[in-house]
Amino acid sequence: MLDALVPIYGELAERQQERYERLLAHFYSIYGPGPVRVFRAPGRVNLIGEHTDYNHGYVMPVALDRDTLIAARPREDAEVHLANVESEFEPVVFPIHRDIPPAPKGHWSNYARGAAQRLAQEVPHPLRGMDALVDGAPPFGVPRGSGLSSSSAFTVAVALTLAELNNLELERPHLARLCQEAEWYTGTQGGIMDQFCALLARREHALFLDTRPQPDGSFYFDYAHLPTDYELVIADSGVRHSNVLGGYNHRVAECRAAVAILRQHYPGITHLRDVQPIPWSHLEPLLPQVTTLRQLAEQGIAVEGPLPGVGEDDPLKVRARARHVHTENRRVEEALDAMRYRDVERLGQLMVQAHISARDDYEISCPELDALVQAALEVDGVAGARLTGAGWGGCIVALAHRDGVQALEAHLRHRFSRQFGREPHIFICRSAPAAGEVPLEK
Ligand code: NG1
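Residues numbered from 1 in each chain as written. Predicted model: local features only at pLDDT ≥ 70, side-chain atom pairs only at ≥ 80, totals over all residues. Heavy atoms only, no water.

### Section: the overall build of the protein chain
Applied cut-off: Secondary structure counts use DSSP, requiring at least four H or I residues in a row for a helix and at least two E residues in a row for a strand, with both numbered from the N terminus. For this measure, only C-alpha atoms enter the radius of gyration; the expected value for a globule follows 2.2 Å times N^0.38, where N is the number of residues. Only protein chains enter the accessibility calculation, which uses a 1.4 Å probe; a residue is then buried when its area is under 20% of its type maximum, exposed when over 50%, and partly exposed in between.
Within the protein chain one finds 13 helices and 12 strands. Its C-alpha radius of gyration of 22 Å places the protein chain within 12% of the 22 Å reference for a compact globule of 442 residues. Structurally, the protein chain occupies a C-alpha span of about 65 × 55 × 40 Å along its principal axes. Counting the 442 residues in the protein chain, one finds 60% classified as buried.

Right under this line is the structure:
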């Protein structure tokens, strides 16, 4: 088994082996002896490019060695039997078909239901179900609600497992798109970054992705080697956020409202990305600082797409939101150049600018994240730092010279606990390969 784990987890493979053995023993205790396959899907840390994906912009994530595992065997019928190594997540059973009723909002099984439903819609024949056991538990799982995309790791793991057990031959970018749509089932209107990263990442590389599908449905993406001698240090503020229950869809709505307004001047645009070549100074005067769906309707401006949870009179800060997306896309392009030219200093500056834009224009930061970023920037050898993921809590990522990592950890702990009375959880991001089956016989 170790031979299969070393290419994924490197020097931590031995500790992972115990985890995999525990998972298999648990699986047999629920479903009995017999053949079993194991699949994994990683979480991610986003280096730069936040809230750009649902605007068809650019992103640059890195897959983490924190992942979700599924041990599974196919069933003769179409039922999914799903258990979880964490007892707080109750076992569920549901049949796979094109219209699977959801569990209550926020229920863990909705990610699996969404994945199964979307696959069933995709293929013309019925799918076989599975007996499956999920392991996303700490310390090896992706921390939940912390902007490291535990939800997509789970969704992708389920979709990949079902696809493989049913011998479906799906190109990975296409599977990523199906997984993106699968997550909409849970109630968020998210982009494709996380699922694409989980399925196409490369170890020691950031994935540069243009999230706008090409006319033939393909995507442009590329890999940039992570700076040598530098580590990505992740510090978790401990502040938890749920995209399903929180402000994420409101930001999506604000961007859609900005598109609707700009469409008066640039007919045919569908996403903010479509105005990316136009200088911001031309766009800014066209966008009000604040509007509402009612005011827009009164002007005959219809905002497209589902807008779950957004009321007629909720303020929509379209100008600042669009400015963040416009400037952030430029920063991601520049960050890719900086990485190619091994210009770590520039990459760090761009990360800091991205944080400021996320804080001031997109308003997705919080005092804990701002304090962590500020503290990180006080340490020698830290090139840059920013919040990562959806925001409103979760983690920061700092780009730190290897020699400065210890000092960084100590300083973050000291500064954070003095201000908030508790310590942040800090870990170094070891990059991981994309999702796949783990060939355990090796
Ligand atoms: P996290 O950070 O995992 O909540 C979310 C979205 C991404 C992207 C980022 C913000 C999902 C599954 N993930 O990620 O698509 O929009 O926020 O950049 O919706």
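Having seen the structure, we can now continue with the description.
### Looking at the packing of helix α4 (residues 150-165) against helix α5 (residues 172-184)
For the record, the criterion: Note on geometry: axes are lines fitted to C-alpha atoms, helical ones only across the stretch in contact, with angles between N-to-C directions running from 0 to 180 degrees. An angle counts as roughly parallel when it lies under 35 degrees, as roughly antiparallel when it exceeds 145, as roughly perpendicular when it falls between 65 and 115, and as oblique in every other case. For any pair of crossing helices, the crossing counts as left-handed if the nearer helix is rotated counterclockwise from the farther one by less than a right angle, and right-handed if it is rotated clockwise. Throughout, a residue-residue contact means that at least one pair of heavy atoms, one from each residue, lies within 4.5 Å. Any residue outside Ala, Val, Leu, Ile, Met, Phe, Trp, Tyr, Cys, Pro, Asp, Glu, Lys and Arg is labelled polar, Gly included; the first ten of those are nonpolar and the last four are charged.
At a closest axis distance of 10 Å, the pairing of α4 and α5 adopts a crossing angle of 120 degrees. By the angle between their directions, the pair α4 and α5 is classed as oblique. Helix-helix and strand crossings are classified by hand; for α4 and α5 the assignment is right-handed. Where α4 approaches α5, its residues S151, S152, T155, V156, A159 and L160 are matched on the opposing element by R172, L175, C179, A182 and E183. Looking at the contact of α4 with α5, its residues break down into six nonpolar, three polar and two charged.

### What about the pattern of salt bridges?
Between side chains of opposite charge, pairing is possible as soon as their charged atoms come close. Operational definition: We count a salt bridge whenever a side-chain nitrogen from Lys or Arg sits within 4 Å of a carboxyl oxygen from Asp or Glu.
The full count for this structure, using the stated rule, is 34 salt bridges. The closest approach of N and O atoms between R386 and E50, which form a salt bridge, is 2.5 Å. Here R386 is found in strand β9 (residues 382-388), whereas its partner E50 is found in the loop between β1 (37-48) and β2 (58-74), with 336 residues between them in sequence. A relative accessible area of 0% means that R386 is categorised as buried. Residue classification places E50 among the buried residues on the basis of a relative accessible area of 2%. Here E409 makes a salt bridge to R413, at a shortest N to O gap of 3.6 Å. Note that E409 and R413 are positioned in helix α13 (residues 405-420) at a spacing of four residues, about one turn of the helix. For E409, a relative accessible area of 22% corresponds to the partly exposed category. Each of the salt bridges in this network shares a partner with another, and the network as a whole consists of R251, E254, K317, R321 and E363.

### What about the packing of aromatic side chains?
Using the following cut-off: When the centres of two rings from Phe, Tyr and Trp lie within 6.5 Å, Trp using its six-membered ring, the rings pair. Their planes under 30 degrees apart give stacked, over 60 give edge-to-face, and anything left gives tilted. By definition, being over a ring means that NZ of Lys or CZ of Arg is both within 6 Å of the ring centre and within 35 degrees of the ring normal.
Tallied over the entire structure, the rule returns 13 aromatic pairs. Ring centres 5.4 Å apart and planes at 70 degrees place the aromatic pair Y54 and Y248 in the edge-to-face group. With a gap of 194 residues between them, Y54 in the loop between β1 and β2 and Y248 in helix α7 (residues 248-262) connect regions that are remote in the sequence. Connected via pairs of aromatic rings, a cluster forms that spans F89, W108, Y111 and F154. In this arrangement the basic side chain of R66 is found over the ring face of F427, its NZ or CZ atom lying 4.1 Å from the centre. Above the plane of the ring of Y362 lies R251, whose end atom (NZ or CZ) is 5.9 Å from the centre.

### Details of α13
Condition: By this rule the span expected of a helix is its residue count minus one, scaled by 1.5 Å. Taken from the helix axis, the directions to the C-beta atoms give the arc we talk about.
Taking 1.5 Å of rise per residue, 16 residues should cover 22 Å, and α13 covers 22 Å from first to last C-alpha, within 8% of that figure. For α13, the full list of buried residues reads V405, L408, L412, R415 and F416. Taken down its axis, α13 places every buried residue within 105 degrees of arc, on the same side. Summarising the geometry of α13, the exposed residues directed more than 90 degrees from the buried face are Q406 and R418. Packed against the buried residues of α13 are β8 (230-236), α12 (367-377), β9, β10 (395-401) and β11 (425-428). In the segment just after α13, G421 is the residue with positive phi, at about 75 degrees.

### Remarks on the sheet that holds β11
Paired through their backbone hydrogen bonds, the strands of a sheet run either parallel or antiparallel. What counts is decided by this rule: Strands pair, by our definition, only if DSSP identifies at least two bridges between them.
Ordered in space as β9-β10-β8-β11, the four strands form an open sheet in which the pairing is antiparallel. Because the sheet does not close on itself, it has two edges, and the strands there are β9 and β11. When the angles between neighbouring strand axes are averaged without regard to direction, this sheet yields 20 degrees. With six bridges joining them, β9 and β10 adopt antiparallel strand pairing. Bridge pairing in β10 places R386 opposite V397. Docked against the sheet, α12 engages β8, β9 and β10, running at close to 170 degrees with respect to β9. With respect to the sheet, α13 is in contact with β8, β9, β10 and β11, its orientation differing from that of β11 by roughly 165 degrees.

### What about the side chain of R75?
Note the threshold: Within 3.5 Å is the distance limit for a polar contact, defined as a pair of N or O atoms, with the added protein rule that one can donate a hydrogen and the other accept it, and that residues adjacent in sequence qualify only through two side-chain atoms.
Tracing the backbone through its elements, the reader meets R75 in the loop between β2 and β3 (79-84). At 2.8 Å, the side chain of R75 and the side chain of D77 are in polar contact.

### Some words on the pairing of β10
As a general feature of sheets, a regular strand has side chains that alternate between the two faces. For β10, the buried fraction is high: six of the seven residues fall into the buried class. Pairing of β8 with β10 involves seven bridges; the strand directions are antiparallel. Each residue of the ladder has a partner; that of E231, found in β10, is A400. Connecting β9 to the next strand, β10, in antiparallel fashion are six residues, including G389 with a positive phi near 90 degrees.

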